[in-house]
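Summary of structural features
The chain contents come next:
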Amino acid sequence: MPIIIDPMPASTTSLRLNALILATLLILGATSWYAAHRLAISDGIDWQAADAPCDLVQGPCHATLPDGSRLRFAIDGERPIRALAPLTLRVESDADAIRQVRVDFEGIGMEMGLHRFPLAPTGGGRFVGPAQVAICTEAVMPWRARVRVETEAGWQGAWFDFEAVRSF
């Protein structure tokens, strides 16, 4: 009778299989999170940049949305903009029948998560709401504010870049 020698004990094979399954699950989870995060940011919106270079620390910025309407975005609060300091976001638009406005803050060049702030209507195409920038270890952190406006024609959006300083 021939003797069969298993080159790997069952416990080693089981350990390698478990490690392979775990690595696969981690890769799938990370890929799913990244895809969901990117989709949450884009949402099929044709994003428009600010009409001219602007500095939200100095004052409001403007953008023209795809339907031709104008959007004005301002961040009110302490200057310079500081992480964790209370801010007030203001959006004005002449777009027809705005249903809602949301502003998303995202880190530029560093994954900081998605920080979404719904704004409340105050009348006449104006919206306002509280916000704050997340804390970062960098002394100065570049951020992007994505302003989303929902109209009868669907979602439109413009983005505005700004910097925030560390608060400690």
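Residues numbered from 1 in each chain as written. Predicted model: local features only at pLDDT ≥ 70, side-chain atom pairs only at ≥ 80, totals over all residues. Heavy atoms only, no water.

Some thoughts on the side chain of Arg146
Checked against the element boundaries, Arg146 lands in strand S8 (residues 140-151). Within the local environment of Arg146, its side chain forms a polar contact with the side chain of Glu106, the two groups lying 3.2 Å apart. (Helix = DSSP H or I, 4+ residues; strand = E, 2+ residues; numbered from the N terminus. Polar contact = N/O pair within 3.5 Å; in protein donor to acceptor, adjacent residues only side chain to side chain.)

Describing the confidence of the model for the protein chain
Here the protein chain averages 84 in pLDDT, while 76% of its residues score no lower than 70. The lowest-confidence element of the protein chain is helix H1 (residues 10-42), averaging 54 in pLDDT; the highest-confidence one is strand S7 (residues 126-131), averaging 98. Below a pLDDT of 50 lies the segment residues 28-40, which in the model reaches eight contacts outside its immediate sequence neighbourhood of four places, other chains included. (pLDDT = per-residue confidence, 0-100. Contact = heavy atoms within 4.5 Å.)

What about unusual backbone geometry?
Following Arg79, the chain continues into Pro80 via a peptide bond in cis, with omega recorded as -5°. Note on placement: Pro80 falls in the loop between strand S3 (70-77) and strand S4 (87-93). Phi is positive for Leu84, close to 70°, though the residue is something other than glycine. Positionally, Leu84 belongs in the loop between S3 and S4. For Leu84, a relative accessible area of 42% puts it in the partly exposed group. (Buried < 20%, exposed > 50% of the residue type's maximum accessible area, 1.4 Å probe, protein only.)

Focus on a negative patch on the surface
A cluster of acidic residues, Asp67, Asp94, Asp96 and Glu152, forms a negative patch on the protein surface. Mapped onto the secondary structure, Asp96 falls in the loop between S4 and strand S5 (100-107). (Patch = residues over 30% accessible without salt bridge, like charges linked within 9 Å, V, L, I, M, F, W, Y side chains within 5 Å. Areas by Shrake-Rupley, 256 points an atom, 1.4 Å probe, with all protein chains shown as cover. Salt bridge = Lys/Arg side-chain N within 4 Å of Asp/Glu carboxyl O. Lys, Arg positive; Asp, Glu negative; His and termini not counted. Charge placed at Lys NZ, Arg CZ, Asp CG, Glu CD.)

Topic: the state of the cysteines
Counting across every chain of the model gives one disulfide. In this model, Cys54 is linked to Cys61 through a disulfide, with the two sulfur atoms separated by 2.1 Å. Note on the Cys54 and Cys61 pair: the S-S dihedral is about 110°, so by sign convention the disulfide is right-handed. (Disulfide = S-S within 2.5 Å.)

Thoughts on the side chain of Gln156
Mapped onto the elements of the fold, Gln156 is located in strand S9 (residues 154-165). At a separation of 2.8 Å, a polar atom in the side chain of Gln156 contacts the side chain of Asp67. Leaving out residues up to four positions away in the same chain, Gln156 has contacts with Ile45, Leu65, Pro66, Asp67, Val147, Arg148, Val149 and Thr151.

Let's talk about the pattern of salt bridges
Applying the stated rule across the entire model yields nine salt bridges. As a salt-bridge pair, Glu78 and Arg82 come within 2.9 Å of each other at their nearest N and O atoms. The salt bridge involving Arg116 is made with Asp104; its shortest N-O contact spans 2.7 Å. Of the two residues, Arg116 sits in strand S6 (residues 115-123) while Asp104 sits in strand S5, which places them 12 residues apart along the sequence. In this structure Arg116 comes out as partly exposed when scored by relative accessible area, which is 34%. Linked through salt bridges whose partners overlap, the residues forming this network are Arg72, Glu92 and Arg126.

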